[in-house]
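A closer look at the structure
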Amino acid sequence: MSQISHELYVSAAPEAAIGGIATLVQDGDEIELDISARSLELKVSGEEEAQRRITWQAPKLHNDKS
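Everything numeric here is computed off the predicted structure, so don't read it as measured data. (Residues numbered from 1 in each chain as written. Predicted model: local features only at pLDDT ≥ 70, side-chain atom pairs only at ≥ 80, totals over all residues. Heavy atoms only, no water.)

Turning our attention to the side chain of D29. Inspection of the secondary structure assignment puts D29 in the loop between helix 2 (21-24) and strand 1 (31-34). Polar contacts involving the side chain of D29 include one to the main-chain amide nitrogen of Q26, which spans 2.7 Å. At 2.5 Å, the side chain of D29 and the side chain of R52 are in polar contact. What D29 contacts, discounting residues up to four positions off in sequence, is L24, L42, V44 and R52. (Helix = DSSP H or I, 4+ residues; strand = E, 2+ residues; numbered from the N terminus. Polar contact = N/O pair within 3.5 Å; in protein donor to acceptor, adjacent residues only side chain to side chain. Contact = heavy atoms within 4.5 Å.)

See below:
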């Protein structure tokens, strides 16, 4: 496991809300984050990724307009 010596802030919420790769990450998964390329790679099999995409459901949006 690599250590990062500088603080890093990653906002994955927009991608996760529309079903991007960040949506499929689960506890214990290995990921590769390339900051300069601005990419996130999930290190699971193609079959596992496909199964997660099938079972993924979009979050319900909250409308706070009262």
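With four bridges joining them, strand 1 and strand 2 (residues 39-42) adopt antiparallel strand pairing. If you follow L33 over to strand 2, its bridge partner there is L40. Here strand 1 folds back onto strand 2, and the loop between the two strands holds four residues, one of which, R38, carries a positive phi near 55°. (Pairing = 2+ DSSP bridges.)

Another point: the pattern of salt bridges. On inspection of all chains with the given rule, the structure shows five salt bridges. Here E32 ties to K43 by a salt bridge, and the two come within 3.2 Å at their closest N and O atoms. Of the two residues, E32 is situated in strand 1 and K43 in the loop between strand 2 and helix 3 (46-55); the sequence distance between them amounts to 11 residues. Between R52 and E48 there is a salt bridge, with the nearest N and O atoms lying 2.8 Å from each other. Of this pair, R52 and E48 both sit in helix 3, four residues apart, roughly one helical turn. (Salt bridge = Lys/Arg side-chain N within 4 Å of Asp/Glu carboxyl O.)

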